[in-house]
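Chains, contacts and geometry: an overview
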4 protein chains.
Amino acid sequence: MQIGMIGLGRMGANMVWRLAAAGHHSVAYARHAETVNAVLREGVTGASSLEDLVAKLETPRVLWLMVPAGAVDSTLDILKPLLSPGDIIIDGGNSHYHDDIRRSAQLKEQQLHYVDVGTSGGTHGLTRGYCLMIGGEPDVVKHLEPIFSTLAPGHDAATPTPGRDKPGSSAEQGFLHCGPNGAGHFVKMVHNGIEYGIMAAYAEGLNILRHANIGKQEQEVDAETTPLRHPEHYQYDLDLGEISELWRRGSVISSWLLDLTADALLKDPHLDAYAGRVSDSGEGRWTIAAAIDEGVPVPVLSNALFERFSSRGNAEFAGKVLSAMRAGFGGHAEKPHKTGNA
Amino acid sequence: MQIGMIGLGRMGANMVWRLAAAGHHSVAYARHAETVNAVLREGVTGASSLEDLVAKLETPRVLWLMVPAGAVDSTLDILKPLLSPGDIIIDGGNSHYHDDIRRSAQLKEQQLHYVDVGTSGGTHGLTRGYCLMIGGEPDVVKHLEPIFSTLAPGHDAATPTPGRDKPGSSAEQGFLHCGPNGAGHFVKMVHNGIEYGIMAAYAEGLNILRHANIGKQEQEVDAETTPLRHPEHYQYDLDLGEISELWRRGSVISSWLLDLTADALLKDPHLDAYAGRVSDSGEGRWTIAAAIDEGVPVPVLSNALFERFSSRGNAEFAGKVLSAMRAGFGGHAEKPHKTGNA
Amino acid sequence: MQIGMIGLGRMGANMVWRLAAAGHHSVAYARHAETVNAVLREGVTGASSLEDLVAKLETPRVLWLMVPAGAVDSTLDILKPLLSPGDIIIDGGNSHYHDDIRRSAQLKEQQLHYVDVGTSGGTHGLTRGYCLMIGGEPDVVKHLEPIFSTLAPGHDAATPTPGRDKPGSSAEQGFLHCGPNGAGHFVKMVHNGIEYGIMAAYAEGLNILRHANIGKQEQEVDAETTPLRHPEHYQYDLDLGEISELWRRGSVISSWLLDLTADALLKDPHLDAYAGRVSDSGEGRWTIAAAIDEGVPVPVLSNALFERFSSRGNAEFAGKVLSAMRAGFGGHAEKPHKTGNA
Amino acid sequence: MQIGMIGLGRMGANMVWRLAAAGHHSVAYARHAETVNAVLREGVTGASSLEDLVAKLETPRVLWLMVPAGAVDSTLDILKPLLSPGDIIIDGGNSHYHDDIRRSAQLKEQQLHYVDVGTSGGTHGLTRGYCLMIGGEPDVVKHLEPIFSTLAPGHDAATPTPGRDKPGSSAEQGFLHCGPNGAGHFVKMVHNGIEYGIMAAYAEGLNILRHANIGKQEQEVDAETTPLRHPEHYQYDLDLGEISELWRRGSVISSWLLDLTADALLKDPHLDAYAGRVSDSGEGRWTIAAAIDEGVPVPVLSNALFERFSSRGNAEFAGKVLSAMRAGFGGHAEKPHKTGNA
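It should be emphasised that the depicted structure is a prediction, and the values quoted were computed from it without experimental measurement.

Topic: the relation of the copies chain D and chain A
Of the transformation superimposing chain D on chain A, the axial component is 0.0 Å and the angular component is 180 degrees, with the fit at an RMSD of 0.0 Å. The two molecules are tied by a two-fold rotation axis, judged by turn and shift. Among all residues of chain D, the minimum C-alpha distance to the rotation axis is found for S255(D), at 2.0 Å.

A short note on the sheet that holds strand β2 (residues 25–29) of chain B
Read from one edge of the open sheet, eight strands run β3-β2-β1-β4-β5-β6-β7-β8 (chain B), paired in mixed fashion. The sheet is open, and its two borders are formed by β3 (44–46) and β8 (175–179) of chain B, each paired with just one other strand. In this sheet, neighbouring strand axes are inclined to one another by 25 degrees on average, regardless of whether the strands run parallel or antiparallel. Relative to the sheet, helix α1 (residues 10–21) of chain B contacts β1 (2–6), β2, β3, β4 (62–65) and β6 (113–120) of chain B, its axis offset from that of β1(B) by approximately 165 degrees. The strands that helix α10 (residues 240–247) of chain C touches are β7 (131–135) and β8 of chain B; relative to β7(B), the one it contacts most, it runs at about 145 degrees.

Remarks on the pairing of strand β7 (residues 131–135) of chain A
Residues and elements named next belong to chain A. Buried residues dominate β7, accounting for five of its five residues. Here β7 shows no split at all, with C131, M133 and G135 on one side and L132 and I134 on the other all buried. Here strand β6 (residues 113–120) runs beside β7; their pairing, made up of five bridges, is antiparallel. Note on β7: the bridge partner recorded for S120 is C131. Where β7 lies against strand β8 (residues 175–179), four bridges are found, and the strand directions are parallel. Bridging from a neighbouring strand, M133 pairs with L176 of β8.

Regarding the interface of chain A and chain C
The extent of an interface is frequently quoted as the accessible surface area lost upon association of the parts. Between chain A and chain C, the contact holds 20 residues from the first and 20 residues from the second. Carbon and sulfur atoms make up 72% of the surface buried where chain A meets chain C, a total of about 1500 Å² over both sides. Taken as a group, I292(A), P297(A) and F306(A) account for 38% of the area that chain A buries against chain C, more than any other trio of residues on that side. Counting across the interface, chain A meets chain C through zero salt bridges. Of all the elements in the fold, those that place two or more residues in the side of chain A that touches chain C are α12 (283–294) and α13 (299–311) of chain A. Sort the elements by how many residues they give to the side of chain A that touches chain C and α13(A) lands first, with seven residues.

Brief notes about the packing of aromatic side chains
Counting across every chain of the model gives 32 aromatic pairs over all chains. Relative to F309(D), the ring of F306(D) has its centre 6.0 Å away and its plane inclined at 50 degrees; by these criteria the two rings are tilted. A residue pair is termed a helical-turn pair when its members lie 3 or 4 positions apart in one helix, as F306(D) and F309(D) do in helix α13 (residues 299–311) at three residues. Owing to a relative accessible area of 2%, F306(D) belongs among the buried residues under this scheme. Under the relative-accessibility criterion, F309(D) is labelled buried at 0%. Here a set of aromatic residues connected by ring pairs shows up, and it is made of Y97(A), F186(A), Y234(D) and Y236(D). Taking the ring centre of Y196(B) as reference, the NZ or CZ of R308(B) above it sits at 3.7 Å. One residue, R128(D), lies across the ring of W256(D), its end atom 3.8 Å from the ring centre.

About the criteria used
- Residues numbered from 1 in each chain as written.
- Chains lettered and ligands numbered in written order.
- Predicted model: local features only at pLDDT ≥ 70, side-chain atom pairs only at ≥ 80, totals over all residues.
- Heavy atoms only, no water.
- Least-squares fit on C-alpha atoms with pLDDT ≥ 70 in both.
- Pairing = 2+ DSSP bridges.
- Helix = DSSP H or I, 4+ residues; strand = E, 2+ residues; numbered from the N terminus.
- Axes fitted to C-alpha atoms, helices over the stretch in contact; angles between N-to-C directions.
- Contact = heavy atoms within 4.5 Å.
- Buried < 20%, exposed > 50% of the residue type's maximum accessible area, 1.4 Å probe, protein only.
- Buried area = accessible area lost by both parts, 1.4 Å probe.
- Salt bridge = Lys/Arg side-chain N within 4 Å of Asp/Glu carboxyl O.
- Phe/Tyr/Trp six-rings, centres within 6.5 Å; stacked < 30°, edge-to-face > 60°.
- Lys NZ or Arg CZ within 6 Å of the ring centre and 35° of its normal.

If you want it as structure tokens, here you go:
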């Protein structure tokens, strides 16, 4: 199948290569010619402009956008006058599903089809394949199956679920038509919300393990500090790298994220390479907003997000307010900065 | 009534003065003679040692301990051989109620009475009076009522609750026999847990108000950062001092803690005097532990505590784990340190 | 000053009466004639329709809308053709501040002024006055001061903040021009978010107190249940009504919300009149959404909201997922329904 | 190697069989003779009493306790007089690590060795093997390696961590000597705390997906209910079984717990077999207590626990307090019980 790929970053480049390896043909475009040149190989043709890309595609065209969410609308504005009725635009990036709903309605007026594809797999997708969550019109999604099944990890990427007998289920191959437009990015959004929660669970747990020797530290004795009642309970110097490696085998919490954690702790046991300022890239926020609209309680997912906010210093003013109140009612002064359980 | 006061910090000193002003007589002891000298006035006699203090009290003696929680047991060890059956020891500090249960049983073997008194009111208690939460034997607590009713704020400290007709209720005067030993500090512990939650509610809310102009800031555009979808919604430069003053009148959230906040923001509008590293002094922790023992969900009270932990940098390693995972699956690099919504 | 009041529910009716008592004149309208008739008194004239109301007001007209948030836009649609340039519309209800921004821009095209007023005080406002948080054009807000200062609680509603010397500050009277349109409802929104947090702090704390006798209950011994390690620590039968009355005097957590709690527990000690299904009316949700847009961590405010969602059964499916997982990895069966710490 | 197994429930029975299959010999004891008879096979001998079991073991004896945590101390009381210096007692159950510290000190007085082994793997351990987290004296743990390496899942249970080159590391086989006594159960405790967090992340996310069609439901319009501002954003009927199957392939959140979830949703798409009342069995609680002692913030792990408490109705009284306050300040009545986003 022929596809036009717009955006050749980490994800886009790997995708055209994975498609090429399976015999699909891509016309690839990025803003910088050297980026385009870097992806060329058998099955991958370059385009010098969006006009050039459109011209090189047979109708009905299939265009896959793999650009930052903030660049989708401006790209669509350029593309729309170039396209013909029946052409299909796929947004494989991290768009907000609200935008999918809006865009698909607008493109429909021009008889253009829109498909939103939430894509998980990160930098490992070239070899592992991508988990694809898809929203759009049923027949359009059906038409694109050759591409989706190539990009997806395939049936053998996981052990079969016992008793499952759903021939034709694409979920077992790693792609799924989730529902109408927006459904793909909605499911991907929640997927990322869950990811935040799982990551936070490991991070908090490892933090507890790391401080399991706190009873060995000298305790301050003053009215501002809670003394540790039982220092004898916190005398453990634990090897987090070995423990995370251990948990990968036979434990209830084994997972791919744990594999990555064991890998990171092997290479950098104290994670000195990181300051601990954690970014968030949108889906976690949108997940909470959707949950609130639905009236669904999400204390775990939201706290996972808030920990990231706090890691970047965004709780600072709240802390000042608390210290000011404590000074007000109890004459408590802030303690000087010190690492540890002050 | 005569009382021996051991410990003459902020709280102990104010208490003997409040007692003296009502005609009670205190024998006051602290480790440093100058501290003792500083509290002397009519109705307040000094003691040069615990032995001296005990000698100066009539039996059955009433001793009030107002020392750091960590110093109670060692003080009791000294006192026990000096006391006589029927004497009463009051712990008015911030002891863990588990210790009350243990101590009262031990003292009982020696026919000594123990009373635990959770005390709220902070540095303002001299004039406002102290809210007293009391645990102990009924007749012993009854015997001490003259002291409690003097230390308490009194009936007029609050408007009457409509329809309340409980003559003899000491709660309306600001002291209460809550139950057997430990009950006083248990109720005080939960009181402080609630206090943490209320303080955090104000602090978080004011933090939202403070960042209400975030739409005026230049937004970064990169794959790591969520762009603000509607900068036009965040164009407000709010005056937190005026707003907290405003809320003191007629709003649902007026409270003494809000009064203190308005006061602090008046004097230091950006709270520059504080770094935002917030201490916690035990009761908040014990409250969560009790809730968990009881199986009672306390997401608000526990998060209020955890925000304090985080404000002191204790989440740092968890942040490093998160950043390491993100690097692992998505090749995400940490962003350099910058203030704001990075 | 003359004002047209649209909407005569709890809030609107009390407002026209409070205005009338201070010599202002209101023209009052509600959909049902009997509602209008019920508010008539000296200083309050009735209107039979919005047309009638508009006709009875002198220009520049001042109209105060006190209708459900969902009815504001439709009311504005009717009013707009009836009004004249320079007229002022006040939305005193619980509108989302996004709507204020949109509406004020639309009305401005017609040279109409819009003022958003967040109003706190509930059913007690008639006597206590209303705390007013105001957004709009400075001169328009200035023009309305006679009304605001009448509705507000006034200077004496709170003790003066020590050292405060800001003559002309309206915050000390209980109303404040917070900023441009939307600022009033924004500040009110956050106010309510804080209110949710404070309420939850009391509720969680009282729940801990209520279960302080759990050690007296028989403990189940099976593999599914965590035994209570120290039943002797949970032997307290606490009187929540007396404790909440107690805390009203001299404690750090005294507040108006605590006054209401003491009142409720006096009349119904076990709160049997309530099932514990707690509604939320929007502002709490919007507060979290704003915090997330700003990147401000709000674990306490959000958990307070989520507890309300859960109280209405909205976490049920999540619980089913957890039980299904537990059955999957450990063969754990759900325990039959029982009250208490199962 | 020879081992005495005490307790033949799900876990103990599978363990002796797994040991027997590898050529180890077990003497097995349980309170009921039929339970003992049911596990007998080549390599497994039965014992009729603890005395009988002890008599059948060669010295230095190795005894593995696989009994409920509440039964360990009473079993030890019986065993202690029967054992000889140098014998080893392993507690493979879910003991609190505080108890390990206490017990190991007590047994040491009698020259008995104690080893605590946290065991993960649940009912699947017979075939998958058990992840073993071990605390105790180094030489004693070393002595037991033949048993541990048999029970553990083995090297091939996970893909190798790239770049890992630690010959002799037992973590890669699935067992680890974590530290002195208590360290095994400490690490297992935190493991379970993490497990709670991960499970909650999936559960919350799936709950959001399940309610993604809320915009199709009729909305109530009253002052108590927040109307859904954009029903058009919630029109998705999502197939959770297919989505969880999908995520098993190539997504960042693939894990064994997700495998179990997909399995459960395949068999019971709406999980009608469960009421959603979720038990907790101790480790989650102890994890939070340890974190609080250490001053480590754990909002995600604690909220995962609290959701279980709430699922069992334990937040009910808190909800009543909230409803009572709302009635107090706003005259709000509780809404009648209804499913959904009331």
